[in-house]
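# Notes for the structure review
Take a look at the letters that make up each chain.
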Amino acid sequence: MSFDQPITECPVCQHTLRQPTSRQVFGPENGKWPGFHFDCPHCGLFIVDEIELHRLFGYLNPPNAPGVVATPLQLKRHRSVLAHALRRMEATGETPILKDGNFIWP
Ligand SMILES: [Zn+2]
């Protein structure tokens, strides 16, 4: 999957974003990483590292390969749990960052 076009849909809950988002560079001078800043009406504001975004799509979408690992209901539940976690973290006043397989705070 390539993210060269602006993303218009939340990767977590699939709502239309308040603003389409494109690749940006985050991090300090000696540790820059590409990522995306999402503004979702349902999940709130959050940042996802580009590598992590690929993982997220893999985790939240049915596999194309044979041998289904999650049912549609399970995938829906994954989405709800993640959206809830994002909203709770954002409620603390900091924008959650999803990177290196985990949530980090600035
Ligand atoms: Zn969302």
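Here, every reference points to the structure presented above.
Description of the structure in this document.

Once that is clear, we can look at the nonpolar core. V12, F38, C43, F46, V48 and L86 are the most contacted members of the largest nonpolar core, which has 15 residues in total. By residue number, the principal contributor to this core is helix α2 (residues 72–90), which donates four residues. Beyond its immediate chain neighbours, meaning those up to four positions away, F46 contacts F38, L86, E90, T95, P96 and L98.

This brings us to the pairing of strand β2 (residues 16–21). In this sheet, β2 lies alongside strand β1 (residues 7–9) in antiparallel orientation, the contact comprising two bridges. Bridge assignment links E9 to a residue of β2, and that residue is T16. In this antiparallel pair of consecutive strands, β1 and β2, the connection spans six residues, and Q14 shows a positive phi of 70°.

Looking now at the sheet that holds strand β5 (residues 44–49). A sheet is described by the order of its strands in space; here five strands give the open sequence β3-β4-β5-β6-β7, paired in mixed fashion. Bordering the open sheet on either side are β3 (24–26) and β7 (102–104), each of which pairs with just one other strand. Between one strand axis and the next, the sheet turns by 40° as a mean value, whatever way the strands run. Here strand β6 (residues 97–99) pairs with β7 via three bridges, running antiparallel. Counterpart to I97 in the pairing with β7 is I104. Contacting β4 (33–40), β5 and β6, helix α1 (residues 50–60) runs over the sheet at an angle of about 105° to β5.

Once that is clear, we can look at the environment of P11. Mapped onto the fold, P11 is located in the loop between β1 and β2. Residues P11 and P72, 61 residues apart in the sequence, show an inter-C-alpha distance of 16 Å. Contact partners of P11, with chain neighbours within four places excluded, come to V48, L53, L56 and F57.

Within the secondary structure, P41 is located in the loop between β4 and β5. By the C-beta count within 10 Å, which is 11 here, P41 ends up exposed. Sequence separation of P41 and R79 is 38 residues, and the distance between their C-alpha atoms is 15 Å. Those residues within four positions of P41 in sequence are excluded, and the remaining contacts are H15 and R18.

Definitions and cut-offs
- Within every chain, residues take consecutive numbers counted from 1 along the sequence as written.
- In keeping with the model being predicted, local features are shown solely for residues with a pLDDT of at least 70 and side-chain atom pairs are shown and tallied solely at 80 or more, while totals for entire chains, interfaces and linings include all residues.
- By convention in this section, buried Ala, Val, Leu, Ile, Met, Phe, Trp, Tyr and Cys residues joined through C-beta atoms within 7 Å make up a nonpolar core.
- Burial is judged by counting other C-beta atoms within 10 Å of a residue's own C-beta: 20 or more means buried, 12 or fewer means exposed, and anything between counts as partly exposed, with every C-beta placed from the backbone.
- Only runs of H or I of at least four residues qualify as helices and only runs of E of at least two qualify as strands under DSSP, and these elements are numbered from the N terminus.
- Here, residues touch in the contact sense if the C-beta positions derived from the backbone fall within 7 Å of one another.
- Any two strands between which DSSP finds at least two bridges are classified as paired.
- Under this scheme, a helix contributes an axis fitted over its contacting stretch, all axes are lines through C-alpha atoms, and angles between N-to-C directions fall in the 0 to 180 degree range.

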